[in-house]
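Here's the letter readout for the chains.
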Amino acid sequence: MTAALNAARRAAELNTLADGAPLDVLVIGGGITGVGIALDAASRGLRVALVEKHDLAFGTSRWSSKLVHGGLRYLATGNIGIARRCAIERGILMTRNAPHLVHAMPQLVPLLPSMSHPKRALVRAGFLAGDALRALAGTPSSTLPRSRRVLADRVVEMTPTVRRDGLDGGLLAYDGQLIDDARLVTAVARTAAQYGARILTYVEASGATGTSARLTDRRTGQSFDVSAAAVINAAGVWAGEIDGSLRLRPSRGTHLVFDAGAFGNPTAALTIPIPGELNRFVFAMPEQLGRVYLGLTDEAAPGPIPDVPEPSPDEVAFLLDTVNTALGTALSTTDVIGSYAGLRPLIDTGGAGFEGRTADVSREHAVVESPSGVISVIGGKLTEYRFMAEDVLDRAVSLRYLQAGSCRTRNLPLIGAPSNPGPLAVPGAELPASLVARYGAEAFNVVAVAHCEHPTAPVAEGIDVTRAEFEYAVTHECALDADDLLDRRTRIGLVPRDRERALAVAEEFLAGVG
């Protein structure tokens with residue numbers, strides 16, 4: 001089937017479901033875990049529909065550090081199992097599933113006088129352990145280079161604003177970096193659609209049981225009941241709204257957004273150990289659109305779950321204070337051009353209530369069946385989304401006696417990967433590098449199918465998102481409103497002033513005017 005998602009396909013598939021089309025699996029939640037489940041189910045030959053009450057990647061899946069972690073942090077705390085899985089899943093993404101979306105990111109720890117020799121030795125040992133994890137996972141050093149020590153001039157070259165007084169070189173290691181987390185969600189969702197999954201945004205599920213749910217189209221108000229052999233809850237931090245028996249302990253992670261010029265346009269992530277912490281760092285990471293993201297915090301977030309979490313003043317101060325320990329010239333709140341916060345859907349094990357540090361709460365996932373029969377997957381990390389999907393699908397197949405093939409996603413290329421470029425992929429004129437970075441082998445299609453004038457022109461001066469990308473988001477990625485376009489299909493909206501400049505163009509494309 002086509003991978004194109006748009007308003008017309010959404011309406012047709014909603015009507016089909018309302019008319020009683022049979023389903024093997026209903027997935028609730030359109031974040032990375034939910035779309036991963038939809039892809040796994042569809043590629044096994046199951047009839048699957050995914051419903052999301054907002055947009056794809058509306059929740060936690062767009063608020064990450066854009067990293068595909070190799071699990072080094074968990075190795076340091078003795079959790080060898082999750083560390084090994086993260087390293088394996090990172091390698092799968094970088095070499096098979098999405099080599100166009102995940103690349104090696106250099107992480108540079110400057111060796112400054114404030115960093116003791118025992119701490120330096122500990123970081124170096126950790127990086128060597130990371131090298132061993134990479135090798136154990138089978139990821140070649142050509143994909144993720146080995147760690148090493150570098151001289152001071154190389155540190156300054158890669159992170160130009162680093163403090164230079166007493167700089168004694170640096171420790172350099174590599175991890176996986178996503179061009180964007182929301183783009184990964186979109187790619188997985190469209191690949192699921194390619195295999196026949198119905199991907200339905202702005203559709204809310206309520207009254208879910210093990211075999212049914214009531215669906216409401218939030219754009220029209222239409223409601224109807226659907227039946228499925230298995231109902232899977234992948235609603236992340238909102239999973240408790242689907243199954244009230246679940247206990248989650250969300251923690252908030254905050255990032256600040258800077259113009260890359262504030263950090264001298266770095267080519268590596270400036271990595272600063274948090275004082276007094278064994279295995280936690282603050283990262284200043286070069287990102288798309290000429291930005292640097294500075295993160296991240298780990299704060300308890302009890303109470304009602306907001307649709308869009310907000311950073312706290314204390315978190316902003318913590319990030320600035322920490323990064324300034326490694327900078328020659330201090331940054332302040334006036335340098336911050338945007339910010340975002342996300343909630344991690346951590347499992348509340350009940351051991352410490354809400355008193356202990358959320359940084360110490362396990363990042364393991366769990367698959368549980370509620371008394372109503374709903375199968376929920378909770379906890380986990382973005383890096384492990386494919387493994388989590390395989391785990392919950394295996395459980396659903398077993399519990400519901402589904403006739404399904406074995407999992408195929410370990411070697412399944414996402415749309416945009418070199419072996420899954422889509423139906424056109426005919427090289428044409430030279431394309432903007434930023435467009436290729438976001439779409440991979442599908443980049444030629446984005447321009448080839450565009451009907452707008454000046455398809456490779458930017459949507460606004462100084463913003464390296466093309467007009468063709470706006471059009472493609474509407475015609476192929478089911479962007480239904482300006483927020484979808486600006487805040488998730490692209491990340492223009494992370495900087496309010498850029499969002500304002502691009503808003504009229506977004507509305508123009510949504511109105512069908514090119």
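Looking up the chain in an unreviewed UniProt entry gives the name Glycerol-3-phosphate dehydrogenase, with the organism given as Mycobacterium stomatepiae. We quote the UniProt Sequence similarities (unreviewed entry) comment for the chain here in full: "Belongs to the FAD-dependent glycerol-3-phosphate dehydrogenase family."

Visitor: What am I meant to see in the state of the cysteines here?
Guide: Covalent bonding between the sulfur atoms of two cysteines is what defines a disulfide. All told, the structure shown has zero disulfides when counted by the stated rule. Just so you know, Cys478 is unpaired, no disulfide at all, and the nearest cysteine sulfur is the one on Cys452, 19 Å from it.

Visitor: Just to check I follow, could you spell out the pairing of strand S2 (residues 48–52) for this structure?
Guide: Summarising burial for S2: five of the five residues are buried, a large majority. The alternating pattern of S2 places Val48, Leu50 and Glu52 on one face and Ala49 and Val51 on the opposite face, and all of these are buried. As paired elements, strand S1 (residues 25–28) and S2 share four bridges and run parallel to each other. Bridging from a neighbouring strand, Ile28 pairs with Val51 of S2. On the question of chirality, the crossover connecting S1 to the parallel S2 by way of helix H2 (residues 32–43) is right-handed.

Visitor: I'm lost on the sheet that holds strand S18 (residues 365–369) in this one. Help?
Guide: Whether parallel or antiparallel, the strands of a sheet pair through hydrogen bonds between backbone atoms. What the six strands build is an open sheet, ordered S7-S2-S1-S11-S19-S18; its pairing is mixed. Where the open sheet ends on each side, the last strands, each with one partner, are strand S7 (198–201) and S18. Across this sheet, the average inter-strand angle for adjacent strands is 15°, counted without regard to direction. This element, helix H1 (residues 7–18), spans S2 and S7 of the sheet and lies at about 105° to S7.

Visitor: Whenever I open this one, the domain arrangement of the chain confuses me. Can you help?
Guide: Along its sequence, the chain is organised into domain 1 (7–61 + 182–247 + 359–411), domain 2 (103–177 + 256–343) and domain 3 (433–511). Computed over C-alpha atoms, the centres of domain 1 and domain 3 are 27 Å apart. Tallying the contact residues gives 13 residues for domain 1 and 13 residues for domain 3. A combined buried area of about 1200 Å² lies between domain 1 and domain 3, and 45% of that area is made up of carbon and sulfur atoms. Contact with domain 3 buries area across many residues of domain 1, yet Asp55, Arg183 and Arg190 alone supply 46% of it, more than any other trio. Seen at the junction of domain 1 and domain 3, the total is four salt bridges. In this structure, the salt-bridge partner of Arg489 is Asp55, at a minimum N-O distance of 2.8 Å. Counting across the interface, domain 1 meets domain 3 through ten residue pairs in polar contact (both at pLDDT 80 or more). Taken together, the elements giving at least two residues each to the side of domain 1 that touches domain 3 come down to H1 and helix H7 (181–194). When residues in the side of domain 1 that touches domain 3 are grouped by element, the largest group, four residues, is from H7. When its residues are assigned to classes, the side of domain 1 that touches domain 3 shows six nonpolar, two polar and five charged.

Visitor: Would you take a moment to explain the environment of Ile80 for this structure?
Guide: Relative to the assigned elements, Ile80 resides in helix H4 (residues 80–97). In this structure Ile80 comes out as exposed when scored by relative accessible area, which is 56%.

Visitor: Where do I start with the environment of Lys119 in this structure?
Guide: Take Lys119: it is sitting in helix H5 (residues 117–137). Distance from Lys119 to Phe509, taken between C-alpha atoms, is 53 Å for residues 390 residues apart in sequence. Discounting residues that sit within four places of it in the chain, Lys119 has contacts with Pro273, Glu277 and Leu278.

Visitor: What exactly am I supposed to notice about the nonpolar core here?
Guide: Generally speaking, soluble globular proteins have nonpolar side chains that are buried together. In this structure, Ile37, Leu184 and Ile199 are the most contacted members of the largest nonpolar core, which totals 85 residues. Tallying contributions element by element places H7 first for this core, with eight residues. When residues are assigned to domains, this core turns out to be shared by domain 1 (7–61 + 182–247 + 359–411) and domain 2 (103–177 + 256–343), each giving three or more. Contact partners of Leu184, with chain neighbours within four places excluded, come to Ile32, Leu93, Leu101, Leu178, Leu382, Tyr385 and Leu414.

Visitor: Would you mind going over H1 with me for this structure?
Guide: In an α-helix, one full turn covers 3.6 residues, which means residues spaced three or four apart are oriented alike. For H1, spanning twelve residues, the distance from its first C-alpha to its last is 16 Å, which sits close to the expected 16 Å at 1.5 Å a residue. Structurally, H1 contributes buried residues whose contacts are with S2, H7, S7, strand S8 (203–206), strand S9 (212–217) and strand S10 (223–227). Two to three positions downstream of the cap, the backbone nitrogen of Ala8 sits 3.3 Å from a side-chain oxygen, assigning the N-cap of H1 to Asn6. A positive backbone phi angle near 100° is found at Gly20, which sits one or two residues after H1.

Visitor: Looking at this structure, how should I read the packing of aromatic side chains?
Guide: Think of a pair of aromatic rings as described by two things: how far the centres are apart, and how the planes are tilted against each other in angle. Overall, the coordinates contain six aromatic pairs when judged by the stated rule. Between Phe258 and Phe263, the aromatic rings sit 5.3 Å apart at their centres with planes inclined by 85°, giving edge-to-face as the arrangement. Note on Phe258: relative accessible area 0%, which makes it buried. Accessibility expressed as a relative area gives 2% for Phe263, which makes it buried. An aromatic cluster is built from Trp63, Tyr293 and Tyr340, whose rings are joined through pairwise contacts. Taking the ring centre of Phe58 as reference, the NZ or CZ of Arg62 above it sits at 5.0 Å. Residue placement shows Arg183 over the ring face of Tyr439; its charged tip is 4.4 Å from the ring centre.

Visitor: Honestly, the sheet that holds S10 in this entry has me stumped. Any pointers?
Guide: Strand order across the open sheet formed by three strands is S8-S9-S10, with antiparallel pairing between neighbours. Two strands in the sheet have a free side with no partner beyond their single neighbour: S8 and S10. When the angles between neighbouring strand axes are averaged without regard to direction, this sheet yields 30°. As judged from the five bridges shared by S9 and S10, these two strands associate in the antiparallel manner. Paired with Ser212 across the strands is Ser227, a residue of S10. Most of the contacts of H1 go to S10, to which it runs at about 65°, and overall it touches S8, S9 and S10.

Visitor: Please explain the pattern of salt bridges as it appears in this structure.
Guide: Proximity of charged atoms lets side chains of opposite charge pair with each other. Using the criterion set out here, one finds 33 salt bridges in the structure. The partner of Asp175 in a salt bridge is Arg90, with the nearest N and O atoms 2.8 Å apart. Placement of Asp175 in strand S6 (residues 170–178) and of Arg90 in helix H4 is noted, with a sequence separation of 85 residues between them. Looking at Asp175, the relative accessible area reads 8%, which means it is buried. In this structure, a network of salt bridges that share partners links the residues Asp55, Asp484, Arg488 and Arg489.

Parameters at a glance
Residues numbered from 1 in each chain as written. Predicted model: local features only at pLDDT ≥ 70, side-chain atom pairs only at ≥ 80, totals over all residues. Heavy atoms only, no water. UniProt positions renumbered as here; feature names shortened; annotations may be inferred. Disulfide = S-S within 2.5 Å. Buried < 20%, exposed > 50% of the residue type's maximum accessible area, 1.4 Å probe, protein only. Helix = DSSP H or I, 4+ residues; strand = E, 2+ residues; numbered from the N terminus. Pairing = 2+ DSSP bridges. Right-handed = clockwise from strand over helix to strand, strands pointing away. Axes fitted to C-alpha atoms, helices over the stretch in contact; angles between N-to-C directions. Contact = heavy atoms within 4.5 Å. Domains from an automatic or database assignment. Buried area = accessible area lost by both parts, 1.4 Å probe. Salt bridge = Lys/Arg side-chain N within 4 Å of Asp/Glu carboxyl O. Polar contact = N/O pair within 3.5 Å; in protein donor to acceptor, adjacent residues only side chain to side chain. Nonpolar A, V, L, I, M, F, W, Y, C, P; charged D, E, K, R; others polar. Core = buried A, V, L, I, M, F, W, Y, C linked by side-chain atoms within 4.5 Å. Expected span 1.5 Å × (residues − 1). Phe/Tyr/Trp six-rings, centres within 6.5 Å; stacked < 30°, edge-to-face > 60°. Lys NZ or Arg CZ within 6 Å of the ring centre and 35° of its normal.

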